[in-house]
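The lines below spell out each chain.
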Amino acid sequence: MVHQTSLLALLLVLLKRHSFYTCGFQHPPVVSHRNHQRNHRVVVTTALGSSNNNNDDNINLPSVDPVAGDLEKLKQEEARLAALLASVREQKLEVLRSRPLAIGIIGFGRFGQFIAKSFTKYGHVIGSSRSDYTDIAQEAGAEYIPLSELETFVVERDLDVIVLATSIVSFEDTVKDLVPHLQKRMELKGNDSCPLIVDVASVKEHPREILLKHLPEECDVLCTHPMFGPDSAKCGWQGQNFVYEKTRVNGVVFDPETMEEEQQTNNNNDTDDADANGGERFFDNSHVDCEITVEKMDRIERFLSIWEEEGCNMTPLSCKDHDAYAANSQFITHLVGRVLGVQGLHSTPIDTSGFQSVLKLIENTNADSFDLFFGLYKYNRNSGYTIGRLRGALDDVVGELLQRDGVVGVFDSSRNRRNPD
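Residues numbered from 1 in each chain as written. Predicted model: local features only at pLDDT ≥ 70, side-chain atom pairs only at ≥ 80, totals over all residues. Heavy atoms only, no water.

### Some points on a nonpolar patch on the surface
Reasoning step 1: There is a patch of nonpolar side chains on the surface, built from Val169, Phe370, Phe374 and Tyr377 and spanning about 370 Å² of accessible area.
Reasoning step 2: Within the secondary structure layout, tyrosine 377 lies in helix α13 (residues 370-378).
Reasoning step 3: On the basis of relative accessible area, tyrosine 377 is assigned to the partly exposed category, the value being 41%. (Patch = residues over 30% accessible without salt bridge, like charges linked within 9 Å, V, L, I, M, F, W, Y side chains within 5 Å. Areas by Shrake-Rupley, 256 points an atom, 1.4 Å probe, with all protein chains shown as cover. Salt bridge = Lys/Arg side-chain N within 4 Å of Asp/Glu carboxyl O. Helix = DSSP H or I, 4+ residues; strand = E, 2+ residues; numbered from the N terminus. Buried < 20%, exposed > 50% of the residue type's maximum accessible area, 1.4 Å probe, protein only.)

### Observations regarding the packing of helix α7 (residues 171-189) against helix α8 (residues 205-214)
Pairs of packed helices are described in terms of their axes, by the angle between the two and the distance that separates them.
Reasoning step 1: With their axes 10 Å apart at the nearest point, α7 and α8 run at an angle of 20 degrees to one another. One way to sum up the angle between α7 and α8 is to call them roughly parallel. Note on packing geometry: the crossing formed by α7 with α8 is right-handed. Between α7 and α8, the residues in contact are Phe171, Glu172, Val175, Lys176 and Val179 and Pro207, Ile210, Leu211, Lys213 and His214, respectively. (Axes fitted to C-alpha atoms, helices over the stretch in contact; angles between N-to-C directions. Parallel < 35°, antiparallel > 145°, perpendicular 65-115°, else oblique. Left-handed = near helix turned anticlockwise from the far one by under 90°. Contact = heavy atoms within 4.5 Å.)

### Thoughts on the layout of surface pockets
Reasoning step 1: One number sums up the size of the second largest pocket: a volume of about 1,300 Å³.
Reasoning step 2: Along the wall of the second largest pocket there are 45 residues; nearest its centre are Phe111, Ser202, Asp368, Ser369 and Leu372.
Reasoning step 3: Elements supplying a minimum of two residues to the lining of the second largest pocket: α4 (110-119), β6 (221-226), α11 (319-342), α12 (353-367) and α13.
Reasoning step 4: For the lining of the second largest pocket, a count of residues per class yields 18 nonpolar, 22 polar and five charged. (1 Å grid on protein atoms, 1.4 Å probe; cavity = no way out; pocket = protein on both sides within 12 Å on 5 of 7 lines; lining within 4 Å. Points joined across faces, edges and corners; volume = space filled by probe spheres on them. Nonpolar A, V, L, I, M, F, W, Y, C, P; charged D, E, K, R; others polar.)

### Regarding the state of the cysteines
Reasoning step 1: For the structure on display, the rule yields one disulfide.
Reasoning step 2: With its sulfur 2.0 Å from that of its partner, cysteine 194 forms a disulfide with cysteine 219. You can see cysteine 194 sitting in the loop between α7 and β5 (196-199) and its partner cysteine 219 sitting in the loop between α8 and β6, a full 25 residues away along the chain.
Reasoning step 3: Here cysteine 194 falls in the buried class, since its relative accessible area comes to 0%. (Disulfide = S-S within 2.5 Å.)

### Regarding the packing of aromatic side chains
Reasoning step 1: Counting across every chain of the model gives 17 aromatic pairs.
Reasoning step 2: Aromatic pair tryptophan 237 and tryptophan 307: ring centres 4.8 Å apart, planes at 20 degrees, arrangement stacked. Taken together, the residues tryptophan 237 in the loop between β6 and β7 (241-249) and tryptophan 307 in helix α10 (residues 291-309) connect sequence positions 70 residues apart.
Reasoning step 3: Residue classification places tryptophan 237 among the buried positions, given a relative accessible area of 4%.
Reasoning step 4: Plain terms: the ring middles of phenylalanine 374 and tyrosine 377 are 6.5 Å apart, the flat faces sit at 50 degrees to each other, and that makes the pair tilted. Residue phenylalanine 374 and its partner tyrosine 377 are both found in helix α13; the two are separated by three residues, about one turn of the helix.
Reasoning step 5: Within the aromatic cluster, the residues linked to one another by ring pairs are Phe111, Phe114, Phe119, Phe228, Trp237, Phe242, Tyr244, Phe303 and Trp307.
Reasoning step 6: Just above the ring of tyrosine 379 sits the side chain of lysine 378; from NZ or CZ to the centre is 5.8 Å. (Phe/Tyr/Trp six-rings, centres within 6.5 Å; stacked < 30°, edge-to-face > 60°. Lys NZ or Arg CZ within 6 Å of the ring centre and 35° of its normal.)

### So, the pairing of strand β4 (residues 161-164)
Reasoning step 1: Residues Val161 and Val163 line one face of β4 and the alternating positions Ile162 and Leu164 line the opposite face, and both faces are buried.
Reasoning step 2: Here four bridges tie strand β1 (residues 101-106) to β4, and the two strands are oriented parallel to one another. Opposite glycine 104, over in β4, you have isoleucine 162 as the bridge partner.
Reasoning step 3: Bridging between β4 and β5 involves four bridges; their strand directions are parallel. Within β5, the position partnered with leucine 164 by the bridge is aspartate 199.
Reasoning step 4: A crossover connection joins β4 to the parallel β5 through α7; in handedness this β-α-β unit is right-handed. (Pairing = 2+ DSSP bridges. Right-handed = clockwise from strand over helix to strand, strands pointing away.)

### What to know about the pattern of salt bridges
Reasoning step 1: Applying the stated criterion across every chain yields a total of 21 salt bridges.
Reasoning step 2: The partner of lysine 204 in a salt bridge is aspartate 199, with the nearest N and O atoms 2.8 Å apart.
Reasoning step 3: Of the charged contacts, one joins arginine 381 and glutamate 209 as a salt bridge, the two residues approaching to 3.3 Å between their closest N and O atoms. Pair noted here: arginine 381 is in the loop between α13 and α14 (383-404) and glutamate 209 is in helix α8, with a separation of 172 residues, a long-range link.
Reasoning step 4: For glutamate 209, a relative accessible area of 44% corresponds to the partly exposed category.
Reasoning step 5: Salt bridges here are not isolated pairs; linked through shared partners, they connect Arg89, Lys92, Glu308 and Glu309.

### Points about the pairing of β7
Reasoning step 1: Among the nine residues of β7, eight are classified as buried, and the element is accordingly described as predominantly covered.
Reasoning step 2: Where β6 lies against β7, six bridges are found, and the strand directions are antiparallel. Bridge assignment links proline 226 to a residue of β7, and that residue is phenylalanine 242.
Reasoning step 3: Pairing of β7 with strand β9 (residues 313-316) involves four bridges; the strand directions are parallel. Counted as the bridge partner of valine 243 is threonine 315 from β9.

### What to know about the nonpolar core
Reasoning step 1: Core analysis: the largest hydrophobic core is formed by 36 residues, its most contacted members being Ile103, Ile105, Phe119, Val163, Trp237, Phe303 and Trp307.
Reasoning step 2: Those elements that provide at least two residues to this core are α3 (70-98), β1, α4, β4, β5, β7 and α10.
Reasoning step 3: With six residues, the single largest contributor to this core is α10.
Reasoning step 4: In this structure isoleucine 103 touches Phe119, His124, Val125, Ile126, Leu159, Val161, Val163, Phe303 and Ile306, once residues within four positions along its chain are discounted.
Reasoning step 5: Of all hydrophobic cores here, the second largest spans 34 residues; its members include Ala102, Leu150, Cys223 and Leu335. (Core = buried A, V, L, I, M, F, W, Y, C linked by side-chain atoms within 4.5 Å.)

### Quick notes on the environment of arginine 389
Reasoning step 1: By the secondary structure assignment, arginine 389 is in helix α14.
Reasoning step 2: By relative accessible area, which is 48% here, arginine 389 ends up partly exposed.
Reasoning step 3: Taking C-alpha positions, arginine 389 is 9.9 Å from asparagine 328, a pair spaced 61 residues apart along the chain.

This is the structure:
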């Protein structure tokens, strides 16, 4: 109970610290499990040691040494904080619904249709693709404009956000086709009319580079990766991971290299607020130099809040760090699933639960297009090293088996090992 109460207190402090009640509210940065535990203890200790302070950040916890009646007090405090957080969440939802977004989705295939169904709860959605998905869009409560009428989609429709849900293989061509229409829209409606451009690709550094290279600098850029899809989240988005980087806002570009240096400096100074992941601290008050920036930040927050309201775990993370993590999590999952799929494994009358999990892995990874798998490999610079490590690990395991079986000198377990440098 102490853990739950102190966690609620931590959330309340973070909400106040990040000016949640003001226009353009921001998500609090995500902290690691280790740092979370450390911060958890600090907050509790502070509250216990400041019981006579009237600061609203403190919670009314009993003394350090528990006595009879403490549990009831904790429950009362927990209920008070839970009610407060529920009230704040309701206010946030009212703000979100009071200014609904007009969201365009280019690439209205399986994933585009999947996210459109949730987007329509919060705003007007327009899909666009090469094939005719008019009927499917209408069933989802969305409008549909074929990609052949891209000018109508971009210029005539007053879109706040354009989500690029195309294959990573065709991503750059899609962006290049989009640029002339964005420029025409700005000529007719002004530079501030450029919509927020969002990518949802499974790799991040490659689309980030393309968007910054080709898009007009007036276009804000948000790089995201919903770590789920129509199969894994068919029952809803609750508890699913959503990764994002606020890449460019009102011409200001998040530079992960600069932020890493600042983070290292802050870490050396033992500063707990040094988390610069995902550009969360990059766009501080020094960059909010005009009303336009505030509006642009608010637009990003309203879009992110859709995913948050649907239950996603929001994780701000730089594109560079995302790809490093993804190579050793998402890519290797798809790689192993594809390799096992080639073996032609199938169910038997004596399946163990572990083998059934293997078959499920094969089914899920092979259900995705090979283009997606190829994109995870080709456009993530870390994937080649992951393949090399997997080969080396296979050699090590098989080599140990052969050695124990007395087959010495036949299998060199280190021949495929690669140096990460």
